[in-house]
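Summary of the model geometry
Below, each chain spelled out in residue letters.
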Amino acid sequence: MDIRKRIQNEIVYIDGGLGSSLIKMGLPSGMAPEKWNIKEPRNIVDLHKEYINAGAQVLTTNTFGANELKLEDDEYSLEELVFSAVENAKVAIEESGKTKGEDVYVALSIGPCGKLLKPLGELDFEDAVKAFSKTAILGEKAGADLVIIETMSDTFEAKAALLAVKESTKLPVFVTVAYDESEKLMTGADPLTVIAMLEGLKADAIGLNCGLGPQQMKSIVEKYVKYSSTPVIVSPNAGMPKSVDGKTVYDVDENEFASVMKEIAGLGVHCLGGCCGTTPSYIKATVEATKDIKAKAIEKKNLTVVSSYTKAVEFKNKPVIVGERINPTGKKKLKEALRENRLDYILNEAVSQQDKGAKVLDINVGLPEIDEVKMLTDTVKAVQAVSDLPLQLDSSDPVALESAMRIYNGKPMINSVNGKKSSMDAIFPLVKKYGGVVVALTLDENGIPKTSNERVKIAEKIINEAEKYGIDKCDIVVDSLAMAVSSDKNSAKTTIESVRKLTDDLGVNTILGVSNISFGLPNREMLNSSFLTLCFENGLSSAIMNPLSAKMMEAYYSFCALKGLDDNFESYIAFASGQEVAVTKTESSDITLTYAIEKGFSKKAYEIALKLLESENPLDIINEKIIPALNTVGEGFEKNTVFLPQLLMSAEAAKSAFDAVKTAIKESENKSADKIVLATVEGDIHDIGKNIVKVLLENYGFEVIDLGRDVKPETVLQAVLENDVKLCGLSALMTTTVVSMEETIKLLKEKAPFCKIVVGGAVLTQEYADMIGASHYAKDAMESVRYAQTVFGK
Amino acid sequence: MDKAIKTFSASCDKVNIDKELALRFLRVRKEVDDETNAILENCLDEFEKAVQYKASYRYYDIKVEDDKVAFEDDFTLKSEKLSKNLRGCSGAFVFVATTSIGVDRLVNKYMNLQLSRAVILDSIGSAAVESFCDYLCKTIQDENGLNFRPRFSPGYGDLNISCQGCVLSACDASRKIGVTLSSNHMMVPKKTVSAIAGVRPKDEVCKSASRCENCENTNCLYRE
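Residues numbered from 1 in each chain as written. Chains lettered and ligands numbered in written order. Predicted model: local features only at pLDDT ≥ 70, side-chain atom pairs only at ≥ 80, totals over all residues.

A separate point is the overall build of chain B. Per the secondary structure count, chain B includes 7 helices and 8 strands. Rg of the C-alpha trace for chain B: 18 Å, near the compact-globule value of 17 Å for 224 residues, within the 12% margin. Expressed along its principal axes, the backbone C-alpha trace of chain B runs to roughly 50 × 35 × 35 Å. At a minimum sequence separation of 6, the contacts of chain B that also span at least 24 residues come to 75%. (Helix = DSSP H or I, 4+ residues; strand = E, 2+ residues; numbered from the N terminus. Rg over C-alpha atoms; globule rule 2.2 N^0.38 Å. Contact = placed C-beta atoms within 7 Å.)

This next bit is on the interface of chain B and chain A. Opposite the 39 residues of chain B that make contact, chain A presents 44 residues. Elements with a contribution of two residues or more to the side of chain B that touches chain A: helix 4 (101–113), helix 5 (115–144) and helix 7 (173–177) of chain B. When residues of the side of chain B that touches chain A are assigned to their parent elements, the largest contribution, 9 residues, is made by helix 4 of chain B. By residue class, the composition of the side of chain B that touches chain A is 15 nonpolar, 13 polar and 11 charged. (Nonpolar A, V, L, I, M, F, W, Y, C, P; charged D, E, K, R; others polar.)

In this section: the packing of helix 17 (residues 452–468) of chain A against helix 18 (residues 491–506) of chain A. Residues and elements named next belong to chain A. Interhelical geometry of helix 17 versus helix 18 gives an angle of 45° and a closest axis separation of 9 Å. On the basis of the axis angle, helix 17 is oblique to helix 18. Helix-helix and strand crossings are classified by hand; for helix 17 and helix 18 the assignment is right-handed. Mapping the contact onto sequence places S452, R455, V456, A459 and E460 in helix 17 and T494, E497, S498, K501, L502, D505 and L506 in helix 18. Among the residues making up the contact of helix 17 with helix 18, the classes are represented as 4 nonpolar, 3 polar and 5 charged. (Axes fitted to C-alpha atoms, helices over the stretch in contact; angles between N-to-C directions. Parallel < 35°, antiparallel > 145°, perpendicular 65-115°, else oblique. Left-handed = near helix turned anticlockwise from the far one by under 90°.)

Attention now goes to the pairing of strand 3 (residues 105–110) of chain A. Residues and elements named next belong to chain A. Most of strand 3 is tucked away, with 6 of its 6 residues classed as buried. Judged by which residues are buried, strand 3 turns out to be covered on both faces: Y105, A107 and S109 on one side and V106, L108 and I110 on the other are all buried. Here 3 bridges tie strand 2 (residues 58–60) to strand 3, and the two strands are oriented parallel to one another. Bridging across to strand 3, T60 finds its partner in A107. In this structure, strand 3 lies alongside strand 4 (residues 146–152), joined through 4 bridges in parallel fashion. (Buried ≥ 20, exposed ≤ 12 C-beta atoms within 10 Å, placed from the backbone. Pairing = 2+ DSSP bridges.)

Quick look at the nonpolar core now. What tends to happen in soluble globular proteins is that the nonpolar side chains get buried as a cluster. Ranked by size, the top nonpolar core spans 329 residues in total, and within it V147, I149, L162, V175, L393 and A657 of chain A together with V94 of chain B carry the most contacts. By residue number, the principal contributor to this core is helix 5 of chain B, which donates 14 residues. Those residues within four positions of V147 of chain A in sequence are excluded, and the remaining contacts are A107, L108, I110, A136, G139, V165, L171 and V173 of chain A. (Core = buried A, V, L, I, M, F, W, Y, C linked by C-beta atoms within 7 Å.)

Moving on to the domain arrangement of chain A. Domain boundaries assigned for chain A yield domain 1 (3–290), domain 2 (305–582), domain 3 (593–667) and domain 4 (672–791). Taking only C-alpha atoms into account, the centre of domain 2 of chain A sits 38 Å from that of domain 3 of chain A. (Domains from an automatic or database assignment.)

Turning to helix 20 (residues 550–562) of chain A, a few remarks are in order. For helix 20 of chain A, with 13 residues, the first-to-last C-alpha span of 18 Å sits near the 18 Å given by 1.5 Å per residue. Of the residues making up helix 20 of chain A, those classed as buried are M552, M553, A555, Y556, Y557, F559 and C560 of chain A. (Expected span 1.5 Å × (residues − 1).)

The subject of this paragraph is the sheet that holds strand 20 (residues 542–545) of chain A. Residues and elements named next belong to chain A. Pairing within the closed barrel is parallel, and its 8 strands lie in the order 13-14-15-16-17-18-19-20. Strand after strand, the sheet turns through a mean of 30° between neighbouring axes, direction not considered. Strand direction decides the pairing type here: strand 15 (residues 391–394) and strand 16 (residues 413–418), joined by 3 bridges, are parallel. The residue bridging L393 from the neighbouring strand is I414, located in strand 16. Strands in contact with helix 14 (residues 372–386) are strand 14 (360–363) and strand 15; relative to strand 14, the strand with the most contacts, it is inclined by about 155°.

Right, let's get into the environment of V129 of chain B. All names here are of chain B. Inspection of the secondary structure puts V129 in helix 5. Expressed as a C-alpha distance, the spacing of V129 and V119, which sit 10 residues apart in the sequence, is 16 Å. Residues contacting V129, with those up to four places away along its chain left out, are A97, T98, T99, K191, T192 and V193.

In this section: the packing of helix 4 (residues 41–54) of chain A against helix 11 (residues 280–290) of chain A. Residues and elements named next belong to chain A. Two elements in contact, helix 4 and helix 11, have axes separated by 8 Å at closest approach and are oriented at 15°. When the axes of helix 4 and helix 11 are compared, the pair comes out roughly parallel. As helix 4 runs across helix 11, the sense of the crossing is right-handed. The residues of helix 11 that touch helix 4, namely those facing E50, Y51, N53 and A54, are P280, I283, K284 and V287. For the contact of helix 4 with helix 11, a count of residues per class yields 5 nonpolar, 1 polar and 2 charged.

All names here are of chain A. With 4 of its 5 residues buried, strand 19 (residues 509–513) lies for the most part within the structure. Sheet analysis places strand 18 (residues 476–479) next to strand 19, joined by 3 bridges and oriented parallel. Considered in strand 19, the bridge of D479 is made with I511. The parallel pair strand 18 and strand 19, bridged by helix 18, forms a crossover whose chirality is right-handed. Pairing of strand 19 with strand 20 involves 3 bridges; the strand directions are parallel. Of the residues in strand 20, the one forming a bridge with L512 is A543. In this fold, the crossover linking strand 19 to strand 20 by way of helix 19 (residues 524–537) has right-handed handedness. (Right-handed = clockwise from strand over helix to strand, strands pointing away.)

Spelled out as structure tokens, the structure:
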């Protein structure tokens, strides 16, 4: 029987600890356990047999670390290790007189690859997918019945592994993750966050292993059983390790283990097993203790949940605010930022919306003249590095959507599908594959219906079509379209009626881009905020709106407070008292631009610069105010009277003053800046120093081509040649990476001898810099600026 | 001595972050004004919301020779400096201590938004992981009635950083506390310290040496 069917109706037993048992059997310390698949196959087969005797129905292969990124083995190939592991399990089943795939299943074990993914680590998502695929393909070829991805402590890595197995094999796939005492993964996700993502990606069973003993797992298991519509797996450690007479033992014995497992089974768990420290006797005791417990039927929980890597947002009673500001429609500044590829503008929008109470952020970067696939993907990556809110990926291009859904860390919202067949044909396969909550617009080939009944009908059609793909109604949020009331006086009424009917009759969640309603009318916020309240009162689950609008947030917080959705009025009070502070703080003081920059007041510097533009020539502001202020601070830094954070704050203030002035500079006056390439060398991920240099160089009018960190020598060379750059700055933190700095210098000297090279970083000294052939050693950021000035003759 | 791998965590109130050290990493060597101090305090608050102090460690019997130290049958480290540091010791604790991934996220966030804040938070992180190591070592010493020699880390002196992998596996640091290694032996989360702390023989007198005293890099910007 297919194991997917089996776990629907009965409790299935998985084996216990493998690695810890092998150590007991004499695995030499420091040796990869996988080598024993070939060196000591008998030991492995015997251990599997003991587990079968104990009652285990799933054998996990000895392949936990069999991953090309982790296992650098010169003795055996990955193929040999995986094949022998599966073979050992097969032999054990045969020698036990059992039938493989019927009595006992062989599960290919896939553990973490040992590297952290970008942006925090250096491993690229697709490289991780490739590595996991390799192991999975070998496992399937060798005859594994299923895959267990286990002990994952990072949602992103778990996603890479799950996607890899799904894309490269037809095997059922189980996923278990490791929590700590705080009930979170090492990378911060709580149970609901993990469940939402793994269910979205269609894992066949999900759960937890390792990290904790059975007692500590209980409260987490309760959450799994409460939220998950997928069978749940629980494989605890045998408690905590200690050593007795030089041997590691665990502090929970088999009887205690089994008695807690009995309670856990009673909660409605469908797969029971063990992890570190558990042995066949633990599994035997567990089987004994739980044999009379009947498996509970698996219920659909019908939760509407979106998630990031640490946060889950559930659409329940309280309306969800989706921040609308990252969408170029009608936003001149954002359009400019997108065209110039300035992500910092977008990131600021993300963070400020989160600060103001958005719970999900809409990300739309569609402009006719840009490569939307790349832009959406890059933006999603960048926003996920600064905000932990779930994102709503918003595009009319399915290719861009897929590319972003793939690298999104969590379960995204997708904006949108509609009632047109072509739209559903394009979007639903993506939602099916990657998971997500999809916004469904009530329009179709005939346009937007005039009546609420017709809009509800389209919603029904979309829900029915989604069902064919296995997409549940709870993963659809219907947008019944707010159209300008100025062009049709009944449009708001129709929309509100639709929301009511969708909520009551279809029982589906709803969403609206509320701001459209006031299009063409004055004082739009006035109308928008009233419309918002009316919609909420009629059941609207979420609104795409501007959280920076005080009026809109007033309506939102008031609604929640009045409807009993705000315990102790906490949110209301926090919002209201925040507003009072803002009102008293707006008085302006008479400070000069020079002072604002020297003190590092960014906002003030921007305001004053704008004001100065009314009376002064922009170039004069730059040359007579901004540059002198910067010089004062820079000299202070060199004399040790100004320290690094102050220098940077001043640099930031100067930058915002530049931003204010820049718009007023005519193209003709804007002479092109000297270009400098900056990079943190290959193998080095510590780039804070390089970023400091970048900010200062930009302040002093240089154009910086920032190649980022972990940059290959060839990439540096290419940038230098393409841009005909006269100066290149390289940074390295460790002695081990100075080697790649040396290689980069060598390559540049050979192929681009016209380019000077300035180096810096913690381990570098003048002697070191001379030794590796750098043109100049800069001991700090200001010195890089001074050197750049000499190179360009300033 | 218990040789199992232990894990350890600490709440923020237990780890007294050495503010002076954080300032030294920022190259501030004078009294700070009120404004700067307020920014520093504000960053400290935000830091403490993101930090999770976690460590894993285990005890080894060791054999010290002139230029190498054997940690039972598990691994041997080649280094004259380490041998000197551990001379006379019959055992040592190997530990990995981290401020966890939330700190990396926080610093990364501001790296994109407000670099000055990223730099301050980064320095606080460097100081915090040192303070956490102090707290961890003190706790282990107190619990076991021991005294440690000054701790010694991979990459320090002539102890090649390529031994980082050994030290991390000795503490099962990836599984226990989420510390991974990049291809150049750099640890992620970044504010992580791995070290070896020798157990002083019973009758040895402790000389409290400054952290920097034994370091050869006398030109270091951060020297005490």
